[in-house]
Amino acid sequence: MAGKTAQSRLSRNRTRSAWLFLAPMLVTLFVVAAWPLGRTVWFSFTDASLDLISQARWVGIRNYLEWVDWGDGTGQYYGLLADPRWWRSVWNTVRFAVVSVSFETLFGLVIALVLNQSFRGRGLVRAAVLIPWAIPTIVSAKMWAWMMHDQFGILNDMFMRLGLISEPVAWTASPDTAMIAILIVDIWKTTPFMALLILAGLQMVPQDIYEAAKLDGVPPTRVFRKITLPLIMPAVLVAVVFRALDALRVFDIVYVLTPNTDATRTMSVYARENLFDFDQFAYGSAASTLLFLVIALITISFILATRMDLEGNTT
Amino acid sequence: MKPGIWQRIGFYAIVIVIVTQAVFPFYYAILTSLEDGQALFEVNYLPKALNLTNYRAMLAEGVFGKQMLNSVFVASVVVVVSLFLAVTAAFALSRIRFRGRGLLLLTVLSVSMFPQIAVLSGLFEVIRFFGLFNSLWSLVFSYMIFTLPFTVWVLTTFMRNLPVEIEEAAIMDGASSLTIIRRVFLPLMWPAMVTTGLLAFIHAWNEFLFALTFTSTDSQRTVPVAIALVSGRSEFEIPWGNIMAASVIVTLPLVALVLIFQRRIVSGLTAGAVKG
Amino acid sequence: MATVELINVSKSFGSVEVLRDINLSLEKGKFVVFVGPSGCGKSTLLRMIAGLEDITSGELRIDGQPMNEVLPAKRGIAMVFQSYALYPHMTVFENMSFGLEQAKLSKPEIEARVQDAAKMLQIEGLLDRKPKQLSGGQRQRVAIGRAITRDPRVFLFDEPLSNLDAALRVDTRLEIAALSERLPDTTMIYVTHDQVEAMTLADRIVVLNGGIVEQVGSPMDLYESPASEFVAGFIGSPRMNFLKGGVAEAHGAATYGIRPEHIALSDERGDWSGRVVLTERLGSDTFVHVEVKGVGPVNVRVEGRADFASGETVYLSPDPASVHLFDPQGRPVVRSVTP
Ligand SMILES: Nc1ncnc2c1ncn2[C@@H]1O[C@H](COP(=O)(O)OP(=O)(O)OP(=O)(O)O)[C@@H](O)[C@H]1O
Ligand SMILES: [Mg+2]
């Protein structure tokens, strides 16, 4: 009777209770995630507006792209894909994600390496490093906004004293520096998370490898490049992907720290302002949908690339 | 090979830089929150005044107290509900073999990658449909989208590592699955529950986008939104002292929690991410 | 009447068949030991009797009633796990009463049963402790106590001694033997890969190998008339000598088996001559490893103390009545002649 599995009452009971136990969670996730996502996608193909959501009618891909003929042989493309403001916010988001994640990885690696040494006061240092992570994003944005204040900010004062700048800079307000300001705050706030994940990877490297290398007289920089780095690479990679997905949906910092301008507007900010500020519900839904697609693609390729062991069979 | 004196100095220099950059902004926020009037607009590196005016102003304003309570309420209920839903789900996902388990876990995990903005318009409709708009329950409800997958994921990993034989002993003792969860596993899971509960709490406490979108009146707002929306009549009248005082008030409990449960949080974060 | 019967029982994990056509009939009140090398399916068989694993095909009966579909707790069995599997957060008393509570027994009844079991195992003083505060041996007793309170028809043990140190293992083994005396109506099924445990405890031994039953019999049956080369090698310590080539062919067999204790050693004369390679002195016995010319390496037991230098020439005489002969498939050829 190959292939056929005889299930006893115990197994059947257990399978049944499995679904019973999963049901509340699955229903909740369906109502808060799957259904709304489906609706968002649907709205993006309609003419829904904030007050008349229920009367939305199908309009095809008009929110994404539409050729409007002016009747004299000329015309113009409209829609999200033809909106320079959208492409500007895509560019801002990507730029933000790449720069912030790179710096966070670099700094996180340095901090993790320091915390992986044993020295007096390590516990305190680790506690201190966790503080930026513990502070709510909004609060850190406000704290830094105050520190970066063009007139009374301590950052300008510091830099002037050090001779780095000759006159006060309006960090958050000026289009030239607004993105830098956002990056500073985000890197400051999120590096601890990165450091912790990398530290966990470092601590899984068996100590005797280092001892063996020491006995062989391998210089420390070589040990780092040839032994440590390859061994922690998987942990770093996972951390980078997690952070990148997070960075691509950035909203809070941008919204609170800087005025809403082309210099800093990200995809999430763009989507939300269309949804709720400009009363372009359908159009904003289209932007949300595109953002979702980008993130879904990255996630799926990551899961496929690493073939994550979800069943936990090998652990 | 002992590190030379210069290497040691270099190392401690790095340590000092790390610690300073990490704590300085918070330190400076506290410092500012204790200043008033003119002192606020002078750049000080060391505490000069110890003036509680800003704190008194914030707390005297009734609505801030209400907003604090809102935040506490939302975050606590979110923790309780998501732990409750996640424990049974994690039991099924870690302990019972059934077809589609891997796929299910994958789905749950992928929900935690959802950009919040992607569900915003759909969720807005659902919340209005249930009549929850501008109610704290809209936040409890919507926060499930990020706390639930995370909690399920971490608890599943944790439960998977509990010894199988204990569960089998309970089966032999005639305990039902629910009894096994309640009487055998739950008491063993406190560490994981504390960790995930704490992380869910912090996450819910800090959330901004949903709170900004699904509440519309001051008395229903949570603290992050309240702080973000404080403004003066003009750029020059922004009450920085008050904002800093409010910031310190909302942050202190978190910093305290994080420092007390340092180890737990670190292990929870890494369990959520590294274990793949 | 037989209490536990397995009829054509097979077990597969996915497409891998780990147990094939097991037919066993285990008598009430007997102490039965499943023995066999690692991975042969002992635990799986035990767990199928317990109800923790599905039976892929075939039937399990206890006291004549089919059990395939009965929930573990309703089968009238109790199990002692290798790791003890005590509930870490419960006291000893709670550990022992948990099952009774699930069975909805009354408080006084539970109290009485736990006290009885505790008295029997001399753990009355430990009832308020948590498992963490117990030694390995004490945990083992609690695990057994938890099983006793359920007053089972069948008692299952899966390598219960393997986590104990050598001295404690012997003590506990004796206690388990005593326990089975005290519970004459309870069938004990005990899994081990240690043949000494099997020989000392069992009324009947079931030798498993590669998912099939090699032989069932009393310890002395297996020792004296092994039904296969595998059983012959598995039962008895140290291992039976297996000789191939000329010696075996002279008896018309592929393998010639003789136990170390069935060979006489002399420094003057004997059937075989050889050179001492190594001697192992255990005090009570000495094992002499001899390289016999034209025969191969042979291990010989000498009672008491014996001193041989390596390289010394000695003479060996196997007891003809104790020779076991096997064909190339490992089946016995001619039963060794009984004296
Ligand atoms: N859940 C399972 N899934 C797949 N194969 C399994 C499972 N459990 C056991 N097996 C396989 O079944 C065979 C028998 O396993 P079992 O645990 O019964 O051996 P055992 O005789 O108890 O060995 P040991 O003395 O090492 O405990 C082994 O080859 C094992 O790999
Ligand atoms: Mg086993």
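Remember, it's a predicted structure, so these values are computed and weren't measured experimentally.

1. Overview of the site of ligand 1
Residue and element names in this part refer to chain C.
- In the vicinity of ligand 1, the residues found are F13, V18, S38, G39, C40, G41, K42, S43, T44, E159 and H193.
- At a separation of 3.2 Å, an oxygen atom of ligand 1 approaches a polar backbone atom of C40.
- For ligand 1, the protein covers 57% of the area, taking 640 Å² as the surface of the free molecule.
- Of all the elements, helix α1 (residues 42–50) adds the most residues to the shell around ligand 1, at three residues.
- Grouping the constituent residues of the shell around ligand 1 by class yields three nonpolar, six polar and two charged.

2. Description of the interface of chain B and chain A
- In this assembly, 102 residues from chain B lie in contact with 92 residues from chain A.
- For the pairing of chain B and chain A, the buried interface totals around 8800 Å² over both sides, and the portion due to carbon and sulfur atoms is 77%.
- In terms of surface lost to chain A, no three residues of chain B exceed M113, I117 and W240 of chain B, which account for 7% of the buried area on that side.
- The interface formed by chain B and chain A contains two salt bridges.
- Note that R39 of chain A and E125 of chain B form a salt bridge whose closest N and O atoms lie 2.6 Å from each other.
- The interface formed by chain B and chain A holds 15 residue pairs in polar contact (both at pLDDT 80 or more) in total.

3. Quick word on the nonpolar core
- Among the nonpolar cores identified, the biggest contains 231 residues, and W133 of chain A, F210 of chain B together with F34 of chain C are the most heavily contacted of them.
- Among the elements that line this core, the one with the most residues is helix α3 (residues 62–95) of chain B, at 16 residues.
- What W133 of chain A contacts, discounting residues up to four positions off in sequence, is K189, P192 and F193 of chain A together with L199, I202, V258, I265 and L269 of chain B.
- Among the nonpolar cores identified, the runner-up in size contains 43 residues, and L121, I123, L161 and V231 of chain C belong to it.

4. Observations regarding the pairing of strand β4 (residues 57–62) of chain C
Residues and elements named next belong to chain C.
- Direction of pairing for β4 relative to strand β5 (residues 65–66): antiparallel, over a ladder of two bridges. Residue pairing in the sheet places R61 in a bridge with P66 of β5.
- In textbook terms, the turn of a hairpin is the stretch between consecutive antiparallel strands, and for β4 and β5 this stretch comprises two residues, one of which, D63, has a positive phi near 50 degrees.

5. Considerations on the side chain of N274 of chain A
- By the secondary structure assignment, N274 of chain A is in helix α10 (residues 267–277).
- Other than its neighbours up to four places away in sequence, N274 of chain A contacts D279, Q280, F281, Y283 and G284 of chain A.

6. What about unusual backbone geometry?
All names here are of chain C.
- Cis peptide bonds are those with omega within 30 degrees of zero, and the linkage from S237 to P238 qualifies with -5 degrees.
- The phi dihedral of D21 falls on the positive side, at around 45 degrees, and the residue is not glycine.
- Following the sequence through the fold, D21 ends up in strand β2 (residues 16–27).
- D21 sits in the partly exposed class, given a relative accessible area of 49%.
- For Y84, which is not glycine, the phi dihedral falls at a positive 75 degrees.
- Its place among the elements puts Y84 in the loop between β6 (77–80) and α2 (92–102).
- Using a relative accessible area of 6% as the deciding quantity, one classes Y84 as buried.

Calculation criteria
- Residues numbered from 1 in each chain as written.
- Chains lettered and ligands numbered in written order.
- Predicted model: local features only at pLDDT ≥ 70, side-chain atom pairs only at ≥ 80, totals over all residues.
- Heavy atoms only, no water.
- Near = heavy atom within 4 Å.
- Polar contact = N/O pair within 3.5 Å; in protein donor to acceptor, adjacent residues only side chain to side chain.
- Areas by Shrake-Rupley, 256 points an atom, 1.4 Å probe, with all protein chains shown as cover.
- Helix = DSSP H or I, 4+ residues; strand = E, 2+ residues; numbered from the N terminus.
- Nonpolar A, V, L, I, M, F, W, Y, C, P; charged D, E, K, R; others polar.
- Contact = heavy atoms within 4.5 Å.
- Buried area = accessible area lost by both parts, 1.4 Å probe.
- Salt bridge = Lys/Arg side-chain N within 4 Å of Asp/Glu carboxyl O.
- Core = buried A, V, L, I, M, F, W, Y, C linked by side-chain atoms within 4.5 Å.
- Buried < 20%, exposed > 50% of the residue type's maximum accessible area, 1.4 Å probe, protein only.
- Pairing = 2+ DSSP bridges.

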